[in-house]
Amino acid sequence: MSSKLGTAVVTGASSGIGAVYADRLGARGYDLLLVARRVERLEKLAADLRSKYGVHVEVVGADLGKASDLEQFADRLRGDEHVTLLVNNAGLAYMTPSAELSAAKAQEQINVNVTALVQLSLAVLPRFVAKNAGTLINISSVLSIFAMPLSTTYSGTKAFVTLFTQGLQQEVKDTKIRIQAVLPASTATEIWDVAGIGGHGVLDPATVMSTEACVDAALAGLDAGELITFPSLEDGALWSHLEQARLAIPAAVNTRIPASRYTSRV
Ligand SMILES: NC(=O)C1=CN([C@@H]2O[C@H](COP(=O)(O)OP(=O)(O)OC[C@H]3O[C@@H](n4cnc5c(N)ncnc54)[C@H](OP(=O)(O)O)[C@@H]3O)[C@@H](O)[C@H]2O)C=CC1
Ligand SMILES: CC(=O)[C@H](N)C(=O)O
């Protein structure tokens, strides 16, 4: 029998933050559809979650950076009426100065972090809108609001995720659809091995959150109706101030008149 809550899809569930989302959503009673490239890991997690929570768990092996796999998985989501929640979590970072970053590695980050996230969001949204229900969680990063010298392309992809998610939130603001962007700071996962900086062990442990703490805080933010959740930001006013300043810009620039500093002669 399928869960009354429907199916939660978690991309990149084979490790890190995605694996904890799968666990927590299984604990809440969702059936699960887990996708990543490392199928053996997904199968192991699926067996564990079935026995712990008695939910139905399906595993799909796909490279979401590859157009054909992505299209096939997006079709699968479009055609699955049980899907009620999507966590767009799959992602990767190459922490490399841009002059040393290959075009292929830049594109791979864009394909997974941006293209896959957009295509999968668009695959579930029409049904969410038709049903006036559904939950979309996009995993961005605190690096979506600033770039470090090593994170230029990665930060660019995550800036896209945050703004894309904020746009979607405006589109569904009068509906019962929930859309959340999660902006974690440093979290202890394998992303740091892929990043090429020697794993998260090189970071100051006092700055690195556990995956469990990150996901539990993010889900508490979702339950509280937050649109943007920074799992580790104690002073929420910092974000409110930034948003207030950002949102004042559109009215301030739509004037037809060049700013006086560009027209006044000395
Ligand atoms: N850890 C951190 O400090 C932070 C992480 N984030 C974000 O959290 C998300 C999860 O990352 P995290 O848990 O840290 O890192 P992990 O490396 O542990 O997890 C990344 C997941 O993405 C999947 N993935 C990567 N490339 C592909 C691909 N081509 N096709 C399908 N799946 C893919 C991986 O699966 P597989 O390799 O099996 O395909 C893996 O399951 C990312 O979006 C990341 O940007 C945000 C802020 C901070
Ligand atoms: C590799 C990173 O920098 C990290 N994933 C982040 O988004 O902060």
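Please read all numbers here as calculations on a predicted model, not as lab measurements. (Residues numbered from 1 in each chain as written. Chains lettered and ligands numbered in written order. Predicted model: local features only at pLDDT ≥ 70, side-chain atom pairs only at ≥ 80, totals over all residues. Heavy atoms only, no water.)

Asker: For this particular structure, what's the right way to read the layout of surface pockets?
Answerer: Where empty space is left can be seen by rolling a probe of water-molecule size over the atoms. Estimated volume of the largest pocket: approximately 1,000 Å³. The wall of the largest pocket is formed by 43 residues, among which Ala90, Gly91, Leu92, Ala93 and Ile191 lie closest to the centre. Secondary-structure elements contributing two or more residues to the lining of the largest pocket are helix H1 (16–27), helix H4 (103–131), helix H5 (152–171) and helix H6 (191–194). Counting residues per element, the lining of the largest pocket draws most heavily on H6, at 4 residues. A class-by-class count of the residues in the lining of the largest pocket yields 22 nonpolar, 14 polar and 7 charged. Of the pockets and cavities examined, the second largest pocket occupies roughly 180 Å³. Taken together, Leu163, Gln166, Gly167, Gln169, Gln170, Leu227, Ile228, Glu243, Arg246 and Leu247 make up the full set of residues lining the second largest pocket. (1 Å grid on protein atoms, 1.4 Å probe; cavity = no way out; pocket = protein on both sides within 12 Å on 5 of 7 lines; lining within 4 Å. Points joined across faces, edges and corners; volume = space filled by probe spheres on them. Helix = DSSP H or I, 4+ residues; strand = E, 2+ residues; numbered from the N terminus. Nonpolar A, V, L, I, M, F, W, Y, C, P; charged D, E, K, R; others polar.)

Asker: Can you walk me through the site of ligand 1 in this structure?
Answerer: Neighbouring ligand 1 are 30 residues; Ser14, Arg37, Asp63, Tyr154 and Thr189 lie closest to it. The separation between an oxygen atom of ligand 1 and a polar main-chain atom of glycine 12 is 3.0 Å. One of the backbone nitrogen or oxygen atoms of isoleucine 191 is found 3.2 Å away from an oxygen atom of ligand 1. When isolated, ligand 1 has an accessible area of 870 Å², and the protein chains bury 96% of it. Its atoms largely coinciding with the cavity grid, ligand 1 occupies the largest pocket. Going through the elements one at a time, H1, H5 and H6 are the ones with two or more residues in the shell around ligand 1. Of the residues assigned to the shell around ligand 1, the class counts are 13 nonpolar, 12 polar and 5 charged. (Near = heavy atom within 4 Å. Polar contact = N/O pair within 3.5 Å; in protein donor to acceptor, adjacent residues only side chain to side chain. Areas by Shrake-Rupley, 256 points an atom, 1.4 Å probe, with all protein chains shown as cover. Sits in = over half its atoms within 2 Å of the grid points.)

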